[in-house]
Amino acid sequence: MFRTPKGTHDVLPEDHQYMTYIKKAVRHRARQAGYKRIETPMFENKAIFERGIGEHTDIVEKELFMVSGKKNDEDSAGLALRPEFTAGICRSYIEHGMHQLPQPVEFYSFGPCYRYDRPQKGRYRQFHQFDMEIIGLKDPSIDAQLILVISKILTDLKIRGRLKLQINNIGTTENRQAYIESLKDFFIGKERNLPELDQKRLKTNPLRLLDSKEEDTQIILKSAPVMDQFIDDDSKEFHSTLIGYLDELGVEYEKNATLVRGLDYYTQTVFEFWDESTGAQNAVGGGGRYDGLIELLGGRSTPGVGFAGGVERMIWHMKEAGVKAPFKDQVDVFVAQLGPEAKKKCLTLISDLRDRGVHTLGALGEASLKSQMRLADKFGARYTLLLGKMEVKSGTIIIKDMEAGKQQEIKFKEAIPTVLKFIGEENLDTYTLRDKFVDVDED
Ligand code: HAM
């Protein structure tokens, strides 16, 4: 039997209810705050991720999912599935000259990302993120507004209370470089006391030692230089202003001096939403400022700040919290029929009911009326319409309330108004394009 590839999963209809709910909450809050939707390709030139996220980050070094494309095809050489949205969105900003638009430009996106990690609980090779980015202006009020919008989305989804916002400022690129050098100096002669993985991290990405899970590393770190000593005054002021804004807005947070994040492009603000019980291991989302990224990717110096939420982890929390996503796939009417004449008439009836906003199933085969009724029951239909040979002759149809078990014979042409009356206007699933189209001048 074929199965989903390791680290992937089918989003079955039940989970889609949650996904749609999350998408709607994101879209709603994003629109309110002026974000526009952007869709970048699911794969990009891998150099974008190497340069942007950092060659020695876990995401790039170990987890990049390469695309092989067609055999020996030069075009597909060096392509990788996106492990996140930010680098691709910045590439798009540069490619389309978006610095000419009024700044800042605000984007949001929703879709699958890929990391070739060892799958475990809450960690998949294909997962979904919702992503928000604000590019082109630097001000602590922008960071505060972004954090507020995310906080509202998590509140809308009824999981904000389960999460703690961790926040830190990691200073400028220069500050970070100076700190990394001092960390390296500090560890000279102590390398052998570090676990193997952290010895490697010390060489490639020493900042990752700060959030190492290894006890030996944590003990040594107690006497290591702390980042705060290397952060310049402007960054400190930026951070305290941001904190002041968060207080003003009533956003709860926890200052966390060891929060560094696993992507190299960050400067200044970094933040994560942690599960109260499991902490960093399963952050529901994270983000921060990346004032050097666009320049790194070949654009002009442009500040940016953003966030991504892990959709699967959010769904897990919603389920844990007992949040029920609205169920909209109910079957309102099942149409059962017998004989070719009845079947023909039913096809139009089914189509008309659907157009009126009634979820309708029927005309599914040649089974007996009795077994069609059983099927209607299994589908959980609220009403069944029955059209047998007799009814076709007499121009009638039978409507049955499945819960009450009561049925009545009505005129065939009364079928639709009767169903609509029973179901109630407010429960109809009608879709109207409410937006007015801009008139097209034919001349
Ligand atoms: P990130 O922290 O790497 O940040 O990922 C954001 C979220 O995606 C994580 O907190 C987690 O919920 C989810 N996630 C990451 N990897 C996996 C996985 N293998 N399986 C399931 N869920 C996962 C970023 O991606 C940045 N681009 C965020 C950002 C946007 N920074 C600035 N703008």
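Since the model is a prediction, treat every value here as computed from it, not as a measurement.

Conventions adopted
Along each chain, the written sequence defines residue order, and numbers are assigned to residues from 1. In view of the model being predicted, local features appear only for residues whose pLDDT reaches at least 70, and side-chain atom pairs are presented and counted only at 80 or more, with totals across whole chains, interfaces and linings using the full set of residues. Side-chain measures here rest on the full set of heavy atoms in the structure, leaving out hydrogens and waters. Helix numbering and strand numbering both begin at the N terminus, where a helix is a DSSP run of H or I of at least 4 residues and a strand a DSSP run of E of at least 2. Categorising residues by exposure relies on relative accessible area from a 1.4 Å probe, with only protein chains included: less than 20% of the type maximum marks a residue as buried, more than 50% marks it as exposed, and the intermediate range marks it as partly exposed. Residue contacts follow a heavy-atom distance rule, with two residues in contact if any of their heavy atoms lie within 4.5 Å. Counting of polar contacts relies on pairs of N or O atoms within 3.5 Å, with two restrictions inside protein: one atom must be capable of donating a hydrogen and the other of accepting it, and residues adjacent in sequence are counted only when both atoms are side-chain atoms. Here, patches come from residues exposed beyond 30% relative accessible area and free of salt bridges, joined within 9 Å for like charges and within 5 Å for nonpolar side chains (Val, Leu, Ile, Met, Phe, Trp, Tyr). For accessible areas, the Shrake-Rupley method is used with a probe of radius 1.4 Å. Any residue's cover is judged against the shown protein chains and nothing else. Any carboxyl oxygen of Asp or Glu within 4 Å of a side-chain nitrogen of Lys or Arg constitutes a salt bridge here. Here the positive residues are Lys and Arg and the negative ones are Asp and Glu; neither His nor the chain ends is included. By convention, the charge on Lys lies at NZ, on Arg at CZ, on Asp at CG and on Glu at CD. Centre distance within 6.5 Å is the pairing criterion for rings of Phe, Tyr and Trp, where only the six-membered ring of Trp is used; planes under 30 degrees apart are then read as stacked, over 60 as edge-to-face, and the remainder as tilted. A ring is considered to have a charge above it if a Lys NZ or an Arg CZ atom is located within 6 Å of its centre and within 35 degrees of its normal. Strand pairing is assigned whenever DSSP identifies at least 2 bridges connecting the two strands. Simply put, an axis is a line fit to the C-alpha atoms, just over the touching stretch for a helix, and the angle between two N-to-C directions goes from 0 to 180 degrees.

**Focus on the environment of E391**
Part 1 of the argument: Structurally, E391 is set in helix α14 (residues 389–394).
Part 2 of the argument: For E391, a relative accessible area of 13% puts it in the buried group.
Part 3 of the argument: In this structure the C-alpha to C-alpha distance between E391 and G380, which are eleven residues apart in sequence, comes to 24 Å.
Part 4 of the argument: Beyond its immediate sequence surroundings of up to four residues, E391 is in contact with L386, T396, I397, I398 and E409.
Part 5 of the argument: In this structure the side chain of E391 is engaged in a polar contact, spanning 2.8 Å, whose partner is the backbone nitrogen of G388.

**Some remarks on a positive patch on the surface**
Part 1 of the argument: A cluster of like positive charges, contributed by K23, K24, R27, R31 and K328, occupies part of the molecular surface.
Part 2 of the argument: Along the chain, the position of R27 falls in helix α1 (residues 13–32).
Part 3 of the argument: Its relative accessible area of 35% is what places R27 among the partly exposed residues.

**Focus on the packing of aromatic side chains**
Part 1 of the argument: This structure, assessed with the given rule, holds eleven aromatic pairs.
Part 2 of the argument: Here Y179 and F230 contribute two aromatic rings whose centre-to-centre distance is 5.3 Å and whose plane-to-plane angle is 45 degrees, an arrangement assigned as tilted. Here Y179, found in helix α6 (residues 173–187), pairs with F230, found in the loop between α8 (215–221) and α9 (233–249); they are 51 residues apart in sequence, far enough to count as distant.
Part 3 of the argument: Seen from their ring centres, Y265 and Y290 are 5.8 Å apart, and the 70 degrees between their planes marks the pair as edge-to-face. With Y265 in the loop between β8 (254–255) and β9 (267–275) and Y290 in the loop between β10 (285–289) and α10 (293–296), the pair connects residues that are 25 residues apart, well separated along the chain.
Part 4 of the argument: On the accessibility criterion, Y265 (5% relative accessible area) is buried.
Part 5 of the argument: Through pairs of rings, three or more aromatic residues link up here, namely F130, F271, F273 and F307.
Part 6 of the argument: If you follow R125 out to its NZ or CZ, it ends over the ring of Y116, 3.9 Å from the centre.
Part 7 of the argument: Above the face of the F238 ring, K138 is positioned so that its terminal group lies 5.4 Å from the ring centre.

**Regarding the sheet that holds strand β14 (residues 383–387)**
Part 1 of the argument: Taking strand neighbours across the sheet as the criterion, the five strands line up as β13-β12-β14-β15-β16 in an open arrangement whose pairing is mixed. The two strands at the open ends of the sheet, each matched to only one other strand, are β13 (360–362) and β16 (406–411). The mean inter-strand angle of the sheet, taken between neighbouring strand axes irrespective of direction, is 25 degrees.
Part 2 of the argument: Note that β14 and strand β15 (residues 396–401) share four bridges and pair antiparallel. The residue bridging L386 from the neighbouring strand is I398, located in β15.
Part 3 of the argument: Lying on the sheet, helix α12 (residues 340–355) is in contact with β12 (333–337), β13, β14 and β15; it crosses β12 at an angle near 170 degrees.

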